[in-house]
Every structure is written in structure tokens, then in C-alpha cells.
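Understanding the architecture of this molecule
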Amino acid sequence: MDATSTSGPPPEPRQVHLDSRQVRTLAHPLRMRLLGSLRVDGPATATALAEKLGTNTGATSYHLRQLAEVGLVTEDPDRGSGRQRWWQAAHDISNFEPTDFDDDPDARAAVQWIQADQVRVMADLAERWMGVEHHQSREWRDAAGMGDLVLPLDPARLRALNDELWAVLMRYRDQPAPDGDVKPVHMFVAGFPRLEERW
């Protein structure tokens, strides 16, 4: 049943506040891609994920089991048949506070890797879009893009701004998708203090 055929508000997204074991497990390029694929595209087998992500089934199965051990993915009991195991994301959203891991150097390093990977993914998606945008419709080219702005904020106002932006994203996520030219759009929210420039 799709979201447009249900009545009432959509279900709240399943969230997990990552613990140190989960962030250490997640800090791996294939595991990040596996979890992302299951969240965006839904349940899949290790074979289908391996084909989609350009790896082999053995590696995919191993890393799915590692994610399952810390509760980030689970088997989908409604889809499995015989030896074919289907996997699904256990949560829709992961979150953490970087200071959660101040006393755990390994988890702190894992968080830094995860955040750096998000920056790499954002840069890769932007470059791929720019490489093909001239083939896209005028509406998509005018709607897509990025910008930046420097604001005078203290930590409390930056936190409030990020919370408000996240609430807007959740509101759009919860609205039924309209008919027409709909594509999945990857949104990033980031705000960092401006450091002294070095040239």
C-alpha cells in the first residue's frame, strides 16, 4: 500500500540515537552505502545490494551481518524464502551528538570519519548533477542548486536554526508526493563556524 492511499498522518520516522558501538560499526564505506540504500530504496537481498553497489555478495553479506549485530539493519521476515535473506533498515534516521563520544577516542574517530564521508557524498552528488544538469528540464535546473550565507550566531541560535531547518525537511518528507515529475532529492543541512581563512 503506498502513502497516497492511507488516511491520517504518516508514521513518525523511526529514529536511533547512535551509541559508541554503532558509530564504530557504521564508520565503513560499504556499510554506510548499504544502510543508505536500504533506507532510501527499501528492503533488498545481499545479492541485489551487491549488484547495485558494485561489490560482491560475500562482502555485502558480511557487512550486513555486522550492521545487524548492532541493530542498524534487520532481516525482513515477510520477504525471506528458503536461503534467500531480505534485509531492511531498522531505523529511518540516525542521529548523535559529537560530544557523546568525548571519552571514547575510537568512537570519536568513527564520528569524524562518518561526517567526512557525508561531505564526500555531498560533493560527489553535486558534481554528478552538474555533469548532467544540461540534459535536465528547465524546471529542475532552476529548482536545484546550493548556496551559502554567513550569519552571526551563537551556539544556541545555531542549534535552533538547525532544529528549525530539520523540522521543515520533516514536514516535506511527511507530505504525500504530488503527481508529476517527482524525483528523490538528497538534502544536506550543515552549519559550521567560519574559521580564519588560510591562503
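This text follows the structure it describes.
The following refers to the structure shown. (Residues numbered from 1 in each chain as written. Predicted model: local features only at pLDDT ≥ 70, side-chain atom pairs only at ≥ 80, totals over all residues. Heavy atoms only, no water.)

Quick look at the environment of Leu-35
Formally: By the criteria applied, helices consist of DSSP H or I runs no shorter than four residues and strands consist of E runs no shorter than two, each listed in order from the N terminus. Every residue pair with non-hydrogen atoms within 4.5 Å of one another is taken to be in contact.
The residue Leu-35 is located in helix α2 (residues 29-41) in this model. Note: C-alpha distance between Leu-35 and Gln-88 (53 residues apart in sequence) is 8.4 Å. Discounting residues that sit within four places of it in the chain, Leu-35 has contacts with Leu-26, Leu-67, Leu-72, Val-73 and Ala-89.

Describing the pattern of salt bridges
The condition is simple: When a carboxyl oxygen of Asp or Glu is within 4 Å of a side-chain nitrogen of Lys or Arg, the pair counts as a salt bridge. Buried residues are those whose accessible area, probed at 1.4 Å on protein chains only, stays under 20% of the maximum for their type, while exposed residues exceed 50% and partly exposed ones sit between those limits.
Overall, the coordinates contain 12 salt bridges when judged by the stated rule. Close ionic contact of Asp-92 with Arg-14 constitutes a salt bridge, the shortest N to O distance being 3.1 Å. Placement of Asp-92 in the loop between β4 (86-89) and β5 (93-95) and of Arg-14 in the segment before β1 (15-17) is noted, with a sequence separation of 78 residues between them. Judged by relative accessible area, Asp-92 falls into the partly exposed class, the value being 29%. One salt bridge in this structure joins Arg-159 and Asp-163, with 3.6 Å as the shortest N-O distance. Of this pair, Arg-159 and Asp-163 both sit in helix α7 (residues 155-174), four residues apart, which is roughly one turn of that helix.

Describing the nonpolar core
We apply this condition: In this text, buried Ala, Val, Leu, Ile, Met, Phe, Trp, Tyr and Cys residues form a nonpolar core when linked through side-chain atoms within 4.5 Å.
Counting 26 residues, the largest nonpolar core has Leu-18, Val-23, Leu-26, Leu-34, Leu-38, Leu-64 and Leu-72 as its most contacted members. If you list the elements that add at least two residues to this core, you get α1 (20-26), α2, α3 (46-53), α4 (57-69), β4 and α5 (105-132). Looking at this core element by element, the count peaks at five residues for α2. Sequence-distant contacts of Leu-26, that is, excluding residues within four places in its chain, are made with Leu-18, Arg-31, Met-32, Leu-35, Leu-67, Leu-72, Trp-113 and Ile-114.

Re the packing of α2 against α3
We apply this condition: Fitting a line to C-alpha atoms yields each axis, with helices limited to the stretch in contact; the angle taken between N-to-C directions then spans 0 to 180 degrees. When describing relative orientation, an angle under 35 degrees is termed roughly parallel and one over 145 degrees roughly antiparallel, while 65 to 115 degrees is termed roughly perpendicular and anything else oblique. Charged means Asp, Glu, Lys or Arg here, nonpolar means Ala, Val, Leu, Ile, Met, Phe, Trp, Tyr, Cys or Pro, and polar covers whatever is left, Gly included.
The N-to-C vectors of α2 and α3 enclose an angle of 110°; their axes lie 11 Å apart at closest approach. Our classification of the angle between α2 and α3 gives roughly perpendicular. In this structure, α2 contributes Leu-30, Arg-33, Leu-34, Ser-37, Leu-38 and Asp-41 to the contact, and α3 contributes Leu-49, Lys-52 and Leu-53. Here the contact of α2 with α3 is composed, by residue class, of five nonpolar, one polar and three charged.

Details of the pairing of β4
Here is the rule: When DSSP finds two or more bridges between a pair of strands, those strands are recorded as paired.
Of the two faces of β4, only the one carrying Trp-87 and Ala-89 is buried; Trp-86 and Gln-88 on the other face are not. With two bridges connecting them, strand β2 (residues 44-45) and β4 associate as antiparallel partners. Residue pairing across strands places Ala-44 opposite Trp-87, the latter belonging to β4. As paired strands, strand β3 (residues 73-75) and β4 are joined by three bridges and run antiparallel to one another. Along β4, the bridge assignment pairs Thr-74 with Gln-88.

Looking at the environment of Ala-89
Along the chain, Ala-89 turns up in strand β4. With a relative accessible area of 6%, Ala-89 lands in the buried category. When the C-alpha atoms of Ala-89 and Pro-155 are compared, they prove to be 32 Å apart, with 66 residues separating the residues in sequence. Leave out the neighbours within four places in its chain, and Ala-89 touches Arg-14, Leu-35, Leu-38, Arg-39, Leu-72 and Val-73.

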